[in-house]
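Below, each chain spelled out in residue letters.
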Amino acid sequence: MLTWQVVTDGPLRGLDERVGGHLAGRGPQTLAEVLADLGSMPVALPVLALALGYAVWRGARRDALVAAVTMALVPALVVPLKIWTDRAGPLTSDTGYYPSGHTATAMVAYGGAALLLTRCAAPRRAWVMPAAAGVLTAATGTGLVLHGYHWPLDVLASGCLCGLLLLLSSMGMRRSSGRTPRR
């Protein structure tokens, strides 16, 4: 529905541009840029790489493979959508801003790391990693909007797309092994 609204200049797009136009450039811009950078590949991918290495070391090789493939799917899905929608950013006439690649990278890298690490965590602490992934992804999206890199719908669309990817990844991890990795 979000993509349809963006492509057809629907009412949600108008609201998105009014709200996004009001938010762009607001707040401490240095902090907004730091938050936006949480979704960059040099920041998010090493976090996933460490979790992949830990999962392999703990004997969860198939889970690590599922998480790695999920991350590889991000550009394969996001780039064609950027080309197809051809949406300009809030502070530029350049196009290719919908959906947000930084949000997608953050959500899948941190979410994938959380899925891998949660399987090895004590049950009463299992909520910590997904919560941290959610906070980092939300911080990334907030920074992107406040700095004027993306419209709010760009960020929301990436969240929806990558939420589905992480759900499928989680299901793939559950099916990939009938046993829990050693603690």
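Presented here is a report on the structure given in the accompanying data block. (Residues numbered from 1 in each chain as written. Predicted model: local features only at pLDDT ≥ 70, side-chain atom pairs only at ≥ 80, totals over all residues. Heavy atoms only, no water.)

**Details of the overall build of the chain**
Quick note on the threshold: We count a stretch as a helix when DSSP gives it H or I for four or more residues in a row; a strand needs E for two or more, and each element gets its number in order from the N terminus. What the globule rule says is 2.2 Å times the number of residues to the power 0.38, and the radius of gyration is computed from C-alpha atoms. Working definition: with a 1.4 Å probe on protein chains only, accessible area under 20% of the residue-type maximum means buried, over 50% means exposed, and in between means partly exposed. Contacts are residue-level and defined by heavy atoms, with any inter-residue pair within 4.5 Å sufficient. Every accessible area reported is derived by Shrake-Rupley at a probe size of 1.4 Å, with residue values counting cover from the shown protein chains alone. Positive residues here are Lys and Arg, negative ones are Asp and Glu, while His and the chain termini are left out of the count. Where a charge lies is defined by one atom per residue type, namely NZ (Lys), CZ (Arg), CG (Asp) and CD (Glu).
In terms of helices and strands, the chain carries 8 helices and 0 strands. In the chain, the succession of α and β elements from N to C terminus is α-α-α-α-α-α-α-α. In terms of overall dimensions, the chain is globule-like: its C-alpha atoms have a radius of gyration of 17 Å, near the 16 Å expected for 183 residues. Taken along its principal axes, the extent of the C-alpha atoms in the chain is 50 × 35 × 25 Å. The buried share among the 183 residues of the chain stands at 43%. Residue pairs at least 24 apart in sequence account for 78% of intrachain contacts in the chain once pairs closer than 6 positions are excluded. For the chain, the accessible surface area stands at approximately 9400 Å², while carbon and sulfur atoms represent 69% of it. Here the chain holds 16 positive side-chain charges and 9 negative ones, and the gap between their average locations is 23 Å.

**Focus: the packing of aromatic side chains**
To keep it simple, the criterion reads: Only Phe, Tyr and Trp rings take part, Trp by its six-membered ring, and two of them pair if their centres are within 6.5 Å. Stacked means planes under 30 degrees apart, edge-to-face means over 60, and tilted covers everything else.
Under the criterion given, the structure shown has 1 aromatic pair. A ring pair is formed by Tyr 54 and Trp 57, whose centres lie 5.8 Å apart and whose planes are at 45 degrees; its orientation type is tilted. Taken as a pair, Tyr 54 and Trp 57 lie in helix α4 (residues 41-57) at a separation of 3 residues, close to a single helical turn. For Tyr 54, a relative accessible area of 31% corresponds to the partly exposed category. Overall, the relative accessible area of 56% leaves Trp 57 in the exposed class.

**Some thoughts on the nonpolar core**
Our working rule: Only buried residues count toward a nonpolar core. Its members are Ala, Val, Leu, Ile, Met, Phe, Trp, Tyr and Cys residues joined through side-chain atoms within 4.5 Å.
Counting residues in each nonpolar core, the largest one holds 28 residues, and the members touching the most others are Leu 48, Val 74 and Leu 116. Contributions of two or more residues to this core are made by α4, α5 (61-85), α6 (101-118), α7 (128-147) and α8 (152-176). Among residues more than four places away in sequence, those in contact with Leu 48 are Ala 67, Met 71, Ala 109, Gly 112, Ala 113 and Leu 116. In terms of nonpolar packing, the next biggest core, distinct from the first, is built from 5 residues, Leu 2, Val 6, Tyr 98 and Ala 157 among them.

**Here's the deal with the side chain of Thr 70**
Test applied: Definition of a polar contact: a pair of N or O atoms within 3.5 Å, with one able to donate and the other able to accept a hydrogen when the atoms are protein atoms, and with sequence-neighbouring residues admitted only if both atoms are side-chain atoms.
With respect to the helices and strands, Thr 70 occurs in helix α5. At 2.8 Å, the side chain of Thr 70 forms a polar contact with the backbone oxygen of Val 66. In this view, Thr 70 contacts Val 108, Leu 165 and Ser 169; residues no more than four positions away in its chain are not counted.

**Points about helix α2 (residues 11-23)**
Applied cut-off: For a helix, the expected span equals 1.5 Å multiplied by the residue count minus one. Relevant arc is that of directions from the helix axis to the C-beta atoms, nothing else.
For α2, built from 13 residues, the straight-helix expectation of 18 Å at 1.5 Å per residue is met to within 8% by its first-to-last C-alpha distance of 18 Å. Every buried residue belonging to α2 is among Arg 13, Asp 16 and Gly 20, and all of these are buried. Taken end-on, α2 shows its buried residues confined to a sector of 55 degrees, consistent with a single buried face. Projecting away from the buried face of α2 at angles above 90 degrees are the exposed residues Pro 11 and Arg 18. Where α2 terminates, the next one or two residues include Gly 25, which has phi positive at roughly 85 degrees.

**A short note on unusual backbone geometry**
In this structure, the amide linkage connecting Tyr 98 to the following residue, Pro 99, adopts the cis form with an omega of -5 degrees. Relative to the helices and strands, Pro 99 is located in the loop between α5 and α6. Located in the positive-phi region is Asp 9, a residue other than glycine, with phi close to 55 degrees. Exposure remark for Asp 9: the relative accessible area of 56% places this residue in the exposed category. The phi angle at Asp 86 is positive, at roughly 55 degrees, despite the residue not being glycine. Following the sequence through the fold, Asp 86 ends up in the loop between α5 and α6.

**Points about the environment of Ala 51**
For Ala 51, the location among the structural elements is in helix α4. Accessibility expressed as a relative area gives 3% for Ala 51, which makes it buried. In the structure, Ala 51 is positioned 61 residues away from Gly 112 in sequence and 8.2 Å away in space, judged by C-alpha atoms.

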